[in-house]
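Results of the structural survey
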Amino acid sequence: MEVGIVGLPYVGKTTLFRALTSGAGGVETGGGGMKATVGVADIPDPRLDLIASFIPTQKLIPATLRLVDAPGLSPSGPAGDSTAGKVLACVREVDALCHVVRCFDPGGQPAAAMKDMEDFETELILADLQTVESALPKAERNARSKEKKAIDRLNVLQQIAPVLEDGRPIRAMLAAGELSSPDEQAVLRELGMVSAKKVLYVANVSEDDVSGEGPHAKAVHEKAKADGMESVVLSAEIEAELVELEDADRAEMLDGLGISEPALPALARALYRLLGLQSFYTAGPKEVRAWTIRIGESAPEAAGTIHSDIQRGFIRAEIYKVDELAAHKSEKAIKEAGKMRAEGKSYIMQDGDVCHFLFNV
Ligand SMILES: Nc1nc2c(ncn2[C@@H]2O[C@H](COP(=O)(O)OP(=O)(O)OP(=O)(O)O)[C@@H](O)[C@H]2O)c(=O)[nH]1
Ligand SMILES: [Mg+2]
């Protein structure tokens, strides 16, 4: 899963990126002075530790979240000279946007969360509109070939152009069930439409509003709710300090500030909800590992996230729930209790399944 950290300038994107990746980022992408940094965060998962407490193993491998730290996006001037397309080029392929909204006041610059969110949305729409306008003439020419792909592309462009011109994001069309066919989805992906992406709003609050009771954090929460998106409240600056500390000191600092947990687990949970994702696990003496799949995926599809051979040669899966391991203490005891299930190709994966895949290629 890959997420783009986006927002207006100086809202705390890089501070958050560094805190989430523990400064482990580094690879720079993009050109033209528009540099983005890519980093990886391990997603904390207590179920991994729980499994490993019953199945001794050499290493724990958590699911990971790839993060792209995008440059700040300045709202276009009155001439409409939008640089949004250039700035957003680095997030055209991400699965979701993490939109950081400034709810802190660095001194003399009062927060204006609602206006900032509206301004940023406008930039997303302008960026897509530019792409659409430059793609349309060619799409019209190509569609004369009567080739299906060319016609699909033109159809999608013609549907989204008026919506964008009207100042609405493509996301709103998707939420209304439009453009839902696989072919239309493929075109949207090809076009890299940024306003089609789901958004996790991050209210970046100051130290004195860590629970998000202030009007700006509330506005962020309300906007996310109204759009059917997700939101989290955090202080990027505090998170950046937390990652520098040892576990005991971190717990003490969280306690002192009245924060229940660091931001990363909550942020990851919100992203899973937003994107309809869930986890399954593989466990053995070499490694205990978490895997991320979409809700609704079948056992062979889940196997395919591990290796295409396991999907291709799928015979069956032996599956039990993490909770059953906690209750019975070993896989042997789970089998003896008759709780180890043999599932075939049509089995739909459930959150927290622990799997052994049997395959033959
Ligand atoms: N008070 C306060 N200041 C913060 C917080 N987060 C970031 N800042 C400050 O805001 C300034 C900008 O932070 P960055 O993380 O560089 O912001 P950015 O969004 O990456 O900025 P650009 O990449 O230039 O758009 C820095 O001086 C940070 O120390 C916060 O939670 N509270
Ligand atoms: Mg930055």
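Residues numbered from 1 in each chain as written. Chains lettered and ligands numbered in written order. Predicted model: local features only at pLDDT ≥ 70, side-chain atom pairs only at ≥ 80, totals over all residues. Heavy atoms only, no water.

Bringing helix 8 (residues 215-227) into the picture now. For helix 8, spanning 13 residues, the distance from its first C-alpha to its last is 18 Å, which sits close to the expected 18 Å at 1.5 Å a residue. Residues of helix 8 that are buried: Ala217, Ala219, Val220, Lys223 and Ala224. When helix 8 is viewed along its axis, its buried side chains cluster within an angular range of 160 degrees and face the same direction. Structural note: helix 8 exposes Pro215, Lys225 and Ala226 on the side pointing more than 90 degrees away from its buried face. Lining the buried residues of helix 8 we find strand 6 (96-102), helix 4 (113-143), strand 7 (198-204) and strand 8 (230-234). (Helix = DSSP H or I, 4+ residues; strand = E, 2+ residues; numbered from the N terminus. Expected span 1.5 Å × (residues − 1). Buried < 20%, exposed > 50% of the residue type's maximum accessible area, 1.4 Å probe, protein only. Arc of directions from axis to C-beta. Contact = heavy atoms within 4.5 Å.)

Moving on: the sheet that holds strand 9 (residues 277-283). Spatially, the six strands line up as an open sheet ordered 4-10-9-13-11-12, and their pairing is mixed. Strands at the two margins of the open sheet, each flanked by one partner only, are strand 4 (59-61) and strand 12 (341-343). The sheet shows a mean angle of 30 degrees between the axes of neighbouring strands, direction not considered. With two bridges joining them, strand 9 and strand 13 (residues 353-359) adopt parallel strand pairing. Residue pairing in the sheet places Phe280 in a bridge with Asp353 of strand 13. With respect to the sheet, helix 2 (residues 46-54) is in contact with strand 4, strand 9, strand 10 (287-294) and strand 13, its orientation differing from that of strand 9 by roughly 20 degrees. (Pairing = 2+ DSSP bridges. Axes fitted to C-alpha atoms, helices over the stretch in contact; angles between N-to-C directions.)

The next point concerns the side chain of Glu343. If you trace the backbone, Glu343 turns up in strand 12. A residue is classified by how much of its surface remains accessible, and Glu343, at 17% relative accessible area, is buried. Of the polar contacts made by the side chain of Glu343, one reaches the side chain of Arg341; its length is 3.0 Å. (Polar contact = N/O pair within 3.5 Å; in protein donor to acceptor, adjacent residues only side chain to side chain.)

One recurring pattern in soluble globular proteins: nonpolar side chains tend to sit buried together. If you look at the biggest cluster of nonpolar residues, it comprises 71 residues, and the most contacted ones within it are Ile51, Leu88, Val91 and Leu267. What Val91 contacts, discounting residues up to four positions off in sequence, is Gly4, Val6, Val68, Ala70, Leu97, Val194 and Lys197. Among the nonpolar cores identified, the runner-up in size contains 22 residues, and Val156, Ala161, Leu164 and Met193 belong to it. (Core = buried A, V, L, I, M, F, W, Y, C linked by side-chain atoms within 4.5 Å.)

For the rest of this paragraph, the subject is the site of ligand 1. Residues in contact with ligand 1 amount to 14 residues; listed here are only the nearest, Gly12, Lys13, Thr14, Thr15 and Asn204. Side-chain polar atom of Lys13 to an oxygen atom of ligand 1: 2.7 Å apart, as the coordinates give it. Contact with the protein chains hides 71% of the accessible area of ligand 1, taken as 650 Å² for the molecule alone. Those elements giving two or more residues to the shell around ligand 1 turn out to be helix 1 (13-20) and helix 9 (236-242). Partitioned by chemical class, the residues of the shell around ligand 1 number six nonpolar, six polar and two charged. (Near = heavy atom within 4 Å. Areas by Shrake-Rupley, 256 points an atom, 1.4 Å probe, with all protein chains shown as cover. Nonpolar A, V, L, I, M, F, W, Y, C, P; charged D, E, K, R; others polar.)

In this section: the pairing of strand 8. Consecutive residues of a regular strand have side chains that alternate between opposite faces of the sheet. Counting buried positions over the five residues of strand 8 gives four, a clear majority of the element. When strand 7 meets strand 8, the two strands line up parallel, connected through five bridges. Looking at the pairing, Val202 lines up with Val232 of strand 8. With helix 8 bridging strand 7 and its parallel neighbour strand 8, the resulting β-α-β unit is right-handed. (Right-handed = clockwise from strand over helix to strand, strands pointing away.)

Judged by side-chain charge, Glu207, Asp208, Glu237, Glu241 and Glu244 come together as a negatively charged surface patch. Considering the arrangement of structural elements, one finds Asp208 in the loop between strand 7 and helix 8. Given the relative accessible area of 73%, Asp208 is considered exposed. (Patch = residues over 30% accessible without salt bridge, like charges linked within 9 Å, V, L, I, M, F, W, Y side chains within 5 Å. Salt bridge = Lys/Arg side-chain N within 4 Å of Asp/Glu carboxyl O. Lys, Arg positive; Asp, Glu negative; His and termini not counted. Charge placed at Lys NZ, Arg CZ, Asp CG, Glu CD.)

Moving on: the pattern of salt bridges. A complete count under the given rule lists 21 salt bridges for this structure. Here Glu213 makes a salt bridge to Lys218, at a shortest N to O gap of 4.0 Å. The closest approach of N and O atoms between Glu230 and Arg273, which form a salt bridge, is 3.0 Å. Taken together, the residues span a long stretch of sequence, with Glu230 in strand 8 and Arg273 in helix 11 (residues 263-275) at a distance of 43 residues. According to the relative accessible area criterion, Glu230 is buried, its value standing at 18%.

Let us now look at the domain arrangement of the protein. Along its sequence, the protein is carved into domain 1 (2-44 + 62-112 + 197-274), domain 2 (120-195) and domain 3 (296-359). Each partner contributes residues to the interface: domain 1 has 21 residues there, and domain 2 has 15 residues. Each partner contributes to the roughly 1,400 Å² buried at the junction of domain 1 and domain 2, and carbon and sulfur atoms together form 60% of this total. Our count for the domain 1 to domain 2 interface comes out at one salt bridge. One salt bridge in this structure joins Glu121 and Lys223, with 3.7 Å as the shortest N-O distance. One can count three residue pairs in polar contact (both at pLDDT 80 or more) joining domain 1 with domain 2. (Domains from an automatic or database assignment. Buried area = accessible area lost by both parts, 1.4 Å probe.)

Attention shifts here to the pairing of strand 13. As judged from the seven bridges shared by strand 11 (residues 314-321) and strand 13, these two strands associate in the antiparallel manner. Residue pairing for strand 13: Tyr320 is matched across the bridge by Val354.

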